[in-house]
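Reading the structure
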Amino acid sequence: MMDHEQLMALGKQMLKPKRYEHTLRVADESARLAKLYGADSQLAKTAGYLHDIAKNLTDEKLAAMLRDGGEAGYLGYSPYVWHAPAGALFSKEHCQVHNKDILDAIKYHCTGRAEMGLLESIVFLADYIEPNRKQPGVEEIRKVAETSLEAAIAKTLANTVAYLKAKGEELHPDTLKAYAHYHHFLET
């Protein structure tokens, strides 16, 4: 597996500057949350560096990667989520990442899924709350994240579902299952 310096160099090469800066913040936030919740901060940082590695590839390239990698089911949903499973495929093939927890964290960082593992949960949340994010409700989620990973995920999913529904976008089944699974962590 590539070391962090190599991953940062790869990210700088493959991503637009703003996206690259975002990945650095997600890697740092993932490492911070990992320490807070007892996960491996180095694995969290690796997943953070790679979570958006395929983000700036063309839709055509992403579609080909998904078809070739056995993930064609994603093609029936918004191209916005394609980079996540494509990024996991890319990371395995080109970065020698074989750790299932890292690959799952990359694959599900957009959609989430029911019963996410600890590393998946951390990267999913870090992507949403990294310091430059300004979406409505993010400050409250940042506060909740300090004491309950599950409640912060539940609030993130609730915000995401509401946002996508308001835009009239179809929700990926993994997002719906994640929302149903984590919903009981929301405060009433």
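Everything below is about the structure printed above this text.
Residues numbered from 1 in each chain as written. Predicted model: local features only at pLDDT ≥ 70, side-chain atom pairs only at ≥ 80, totals over all residues. Heavy atoms only, no water.

Thoughts on the overall build of the chain
- Within the chain one finds 10 helices and 0 strands.
- Mapped in sequence order, the helices and strands of the chain form the string α-α-α-α-α-α-α-α-α-α.
- For the chain, the spread of C-alpha atoms along the three principal axes comes to 45 × 35 × 30 Å.
- For the chain, with 188 residues in total, the buried portion stands at 50%.
- For the chain, the share of sequence-separated contacts (at least 6 apart) that also reach a separation of at least 24 residues comes to 61%.
- When the accessible surface of the chain is totalled, it reaches about 9300 Å², and 52% of it is carbon and sulfur.
- Computed over 23 positive and 26 negative side-chain charges, the inter-centroid distance for the chain is 4 Å. (Helix = DSSP H or I, 4+ residues; strand = E, 2+ residues; numbered from the N terminus. Buried < 20%, exposed > 50% of the residue type's maximum accessible area, 1.4 Å probe, protein only. Contact = heavy atoms within 4.5 Å. Areas by Shrake-Rupley, 256 points an atom, 1.4 Å probe, with all protein chains shown as cover. Lys, Arg positive; Asp, Glu negative; His and termini not counted. Charge placed at Lys NZ, Arg CZ, Asp CG, Glu CD.)

Side note on helix H2 (residues 17-37)
- Compared with the 30 Å implied by 1.5 Å per residue over 21 residues, the 30 Å span of H2 between its first and last C-alpha is a close match.
- Of all the residues in H2, the buried ones are Tyr20, His22, Thr23, Val26, Ala27, Glu29, Ser30, Ala31, Leu33 and Ala34.
- Where H2 is buried, its residues meet helix H1 (4-14), helix H3 (41-50), helix H7 (118-129) and helix H8 (138-145).
- In the stretch just after H2, Gly38 is the one whose phi turns positive, near 80 degrees. (Expected span 1.5 Å × (residues − 1).)

So, the packing of H2 against H3
- As a packed pair, H2 and H3 sit with axes 7 Å apart at the nearest point and diverge in direction by 155 degrees. In terms of axis orientation, H2 runs roughly antiparallel to H3. Where H2 crosses over H3, the handedness of that crossing is right-handed. Across from Thr23, Leu24, Val26, Ala27, Asp28, Ser30, Ala31, Ala34 and Lys35 in H2, the residues of H3 making contact are Ser41, Ala44, Lys45, Gly48 and Tyr49.
- Each residue belonging to the contact of H2 with H3 can be placed in one class, and the counts come to 7 nonpolar, 4 polar and 3 charged. (Axes fitted to C-alpha atoms, helices over the stretch in contact; angles between N-to-C directions. Parallel < 35°, antiparallel > 145°, perpendicular 65-115°, else oblique. Left-handed = near helix turned anticlockwise from the far one by under 90°. Nonpolar A, V, L, I, M, F, W, Y, C, P; charged D, E, K, R; others polar.)

A closer look at the pattern of salt bridges
- Applying the stated rule across the entire model yields 13 salt bridges.
- Residue Glu169 is joined to Lys167 by a salt bridge in which the shortest nitrogen-to-oxygen separation is 3.4 Å. (Salt bridge = Lys/Arg side-chain N within 4 Å of Asp/Glu carboxyl O.)

Quick word on the nonpolar core
- Leu50, Trp82, Cys95, Leu125, Ile129, Ile153 and Tyr182 are the most contacted members of the largest nonpolar core, which totals 53 residues.
- With 8 residues, the top contributor of residues to this core is H7. (Core = buried A, V, L, I, M, F, W, Y, C linked by side-chain atoms within 4.5 Å.)

A word on the packing of aromatic side chains
- Enumeration over the complete set of coordinates arrives at 1 aromatic pair.
- Ring centres 6.2 Å apart and planes at 35 degrees place the aromatic pair Tyr182 and Phe185 in the tilted group.
- The exposure class assigned to Phe185 is partly exposed, which follows from its relative accessible area of 31%. (Phe/Tyr/Trp six-rings, centres within 6.5 Å; stacked < 30°, edge-to-face > 60°.)

Some words on helix H4 (residues 59-68)
- Leu62, Ala63, Met65 and Leu66 are the residues of H4 that are buried. The buried residues of H4 all sit within an arc of 160 degrees when viewed along its axis, so they share a single face. Exposed residues on H4 whose side chains face more than 90 degrees from its buried face are Glu60, Arg67 and Asp68.
- Downstream of H4 by a residue or two, Gly70 has a phi angle that is positive, lying close to 80 degrees. (Arc of directions from axis to C-beta.)

Observations concerning the environment of Val138
- Tracing the backbone shows Val138 in helix H8.
- Note on Val138: relative accessible area 3%, which makes it buried.
- Once the C-alpha coordinates of Val138 and Gly73 are considered, the two residues, 65 residues apart in sequence, prove to be 31 Å apart.
- Residue contacts for Val138: discarding those within four places in its chain leaves Tyr128, Ile129 and Arg133.

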